Amino acid sequence: MVKVHLPDGTQTTTEAGTIEEILLRLNLNPYEILITRDNELLLADDFVNETDEIHATSIVHGG
Amino acid sequence: MVQCDECEKRAVYFDSVTKVKFCGPHFSAWFEKGVAATIEKYHMICPGDKIAVGLSGGKDSTVLLTVLAKLNPDAELIPITVDEGIANYRDDTILAAVRLCERLGLEDKLISFTDICGKTLDELLEKSPEQACSVCGTLRRRALNLAAREAGANKIATGHCMDDEAQSVLMNYLRGDVTRVMESYQTDSDKVFLPRIKPLCRQTERATVAYGLVNHLLTDLPECPYTKYALRAGVRSGLGILEYRNPGTMHNIVTGQEKLLAKLGPLKGEVTKMGRCEVCGEPTSHRLCAACTLIEKMG
Ligand code: SF4
Ligand SMILES: [Zn+2]
Ligand SMILES: [Zn+2]
């Protein structure tokens, strides 16, 4: 399973897929979330494998 | 692997409006060029300017200060960090701000809500946490103005980006606040207040945060505990969905507003004369300025 670090500091796992598929599956707006793997930004169409660990950063701030 | 449109490297950013794909270095160059164009178009920075830069330590202001330092090696930049006094949140972001300034060789000026009104935001909000963002915003503006003037700055730069602008435009319409809609670009309060510039106002929030990630400027920071009370939360998430489905929505809102104001021309009728606040002497059209009214009301 893909390990996902969510913006609120929690973690979850999900099946392999493209970034966009994964975000929609997790009910996150792909416009509002940027995903990195090993500190490198990934595109919405980039594929993430079962053994990958990815990091979600929300672009949203308070105020 | 998806390739950069300008070289053979792997693409890390896709601009959904222009449909261009960039590798890290080409994305950074494109982003910086965009900010430089905005600064030039709106004549935001002149030689000899002393610019106070609001630096919360969060994503937008971190990117703003970094890009300004890179684009304007001759301008004098004075980072100012306001400590609102929010437990379990602010200390980490202030540390991030101080570290960034050290890296850039700038001195960060700190000012706290306690300095300006004797209380932290947490203390002010004890009975009414739901007012967090309006109280926070009003007092932060006051603190920033005060610190900027004390530092001898002639301008204040803030990290507002296009998403913030689009949200503000929409919120004014949602409130039916026509005066605000027109005033947003046509106020002569620049004569009494320090002029504000927003060099990121034509960059999306997404591109701004991506720039921070690509250039390894960002660390994981806690979220403000009051975010859930943010006035614009609903507007922001609605607009975020529209932007995802129809890329360019934010840009259309902001430029549409600009065109509308240009068509309307300068405000007609009487211009409200600015006086001075009876308590603090800040410019205001009322007896007390917004910050003093608030402090009085909150006891
Ligand atoms: S979310 Fe609201 S209370 Fe928190 S820092 Fe931003 S404006 Fe202030
Ligand atoms: Zn490239
Ligand atoms: Zn006052």
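Residues numbered from 1 in each chain as written. Chains lettered and ligands numbered in written order. Predicted model: local features only at pLDDT ≥ 70, side-chain atom pairs only at ≥ 80, totals over all residues. Heavy atoms only, no water.

A. Up close: the coordination of the zinc ion (ligand 2). All names here are of chain B. All of the protein donors around the zinc ion (ligand 2) are C4 (SG), C7 (SG), C23 (SG) and H26 (ND1); their distances to the metal are 2.0 to 2.4 Å. Of note is the zinc ion (ligand 2), whose 4 donor atoms meet at the metal with angles of 101 to 113 degrees in an arrangement that counts as tetrahedral. Read N to C, the donor residues that coordinate the zinc ion (ligand 2) are spaced as C-x2-C-x15-C-x2-H. In this pair, C7 is assigned in the segment before β1 (13-15) and H26 in helix α1 (residues 24-41), connecting sequence segments 19 residues apart. The class for C7 is partly exposed, based on a relative accessible area of 22%. (Donors = N, O, S within 2.8 Å, 3.2 Å for Na, K, Ca; no water. Tetrahedral: all angles 85-135°; square planar, octahedral: opposite > 155°, others 65-115°. Helix = DSSP H or I, 4+ residues; strand = E, 2+ residues; numbered from the N terminus. Buried < 20%, exposed > 50% of the residue type's maximum accessible area, 1.4 Å probe, protein only.)

B. Geometry of the interface of chain B and chain A. At the junction of the two partners, chain B supplies 30 residues and chain A supplies 23 residues. Summing both partners gives a buried area of about 2300 Å² for chain B against chain A, and 57% of it is carried by carbon and sulfur. Inspection of the chain B/chain A interface yields 2 salt bridges. Note that R10 of chain B and E40 of chain A form a salt bridge whose closest N and O atoms lie 3.2 Å from each other. (Contact = heavy atoms within 4.5 Å. Buried area = accessible area lost by both parts, 1.4 Å probe. Salt bridge = Lys/Arg side-chain N within 4 Å of Asp/Glu carboxyl O.)

C. Representation of the packing of aromatic side chains within the structure. Residue and element names in this part refer to chain B. Taken as a whole, this structure holds 7 aromatic pairs over all chains when the rule is applied. Taken together, a centroid distance of 4.8 Å and an interplanar angle of 25 degrees make the contact between F31 and Y211 stacked. Here F31, found in helix α1, pairs with Y211, found in helix α9 (residues 205-214); they are 180 residues apart in sequence, far enough to count as distant. By the burial criterion, F31 is buried, and Y211 matches it. Of the aromatic side chains, those joined through ring pairs into one cluster are Y13, F22, F27, W30, F31 and Y211. (Phe/Tyr/Trp six-rings, centres within 6.5 Å; stacked < 30°, edge-to-face > 60°.)

D. The coordination of the zinc ion (ligand 3), seen in detail. All names here are of chain B. Protein coordination at the zinc ion (ligand 3) comes from C277 (SG), C280 (SG), C289 (SG) and C292 (SG), with a distance range of 2.2 to 2.4 Å. What the 4 donor atoms of the zinc ion (ligand 3) show is an angle range of 104 to 114 degrees at the metal, which sorts the shape as tetrahedral. Within one chain, the residues serving as donors to the zinc ion (ligand 3) are arranged as C-x2-C-x8-C-x2-C. Taken as a pair, C280 in the loop between β8 (275-276) and β9 (283-284) and C292 in helix α12 (residues 290-297) lie far apart in primary sequence, 12 residues in all.

E. Representation of the side chain of T208 of chain B in the model. All names here are of chain B. Structurally, T208 can be placed in helix α9. The exposure class assigned to T208 is buried, which follows from its relative accessible area of 0%. At 2.8 Å, the side chain of T208 forms a polar contact with the backbone oxygen of T204. Residue contacts for T208: discarding those within four places in its chain leaves F31, D60, V63, C161, L200 and Q203. (Polar contact = N/O pair within 3.5 Å; in protein donor to acceptor, adjacent residues only side chain to side chain.)

F. Molecular detail of the packing of helix α7 (residues 162-175) of chain B against helix α11 (residues 249-264) of chain B. Residue and element names in this part refer to chain B. Across the interface, α7 lies against α11 with an axial gap of 8 Å and an inter-helix angle of 60 degrees. Taken together, the axis directions place α7 and α11 in an arrangement best described as oblique. Regarding α7 and α11, the two cross each other, and that crossing is left-handed. Contacts from M162, D163, E165, A166, V169, L170 and Y173 in α7 reach M250, H251, I253, V254, Q257 and L260 in α11. Grouping the constituent residues of the contact of α7 with α11 by class yields 9 nonpolar, 2 polar and 2 charged. (Axes fitted to C-alpha atoms, helices over the stretch in contact; angles between N-to-C directions. Parallel < 35°, antiparallel > 145°, perpendicular 65-115°, else oblique. Left-handed = near helix turned anticlockwise from the far one by under 90°. Nonpolar A, V, L, I, M, F, W, Y, C, P; charged D, E, K, R; others polar.)

G. Looking closely at the sheet that holds strand β7 (residues 53-58) of chain A. Taken in spatial order, the 5 strands line up as β2-β1-β7-β4-β5 (chain A) in an open sheet, and their pairing is mixed. Here the strands that pair on one side only, and so sit at the sheet edges, are β2 (11-14) and β5 (40-41) of chain A. Bridging between strand β4 (residues 33-37) of chain A and β5 of chain A involves 2 bridges; their strand directions are antiparallel. Paired with R37 of chain A across the strands is E40 of chain A, a residue of β5 of chain A. Along the sheet, α9 of chain B contacts β4, β5 and β7 of chain A; its crossing angle with β4 of chain A, the most-contacted strand, is approximately 20 degrees. (Pairing = 2+ DSSP bridges.)

By themselves, these observations are geometric and do not establish any function.
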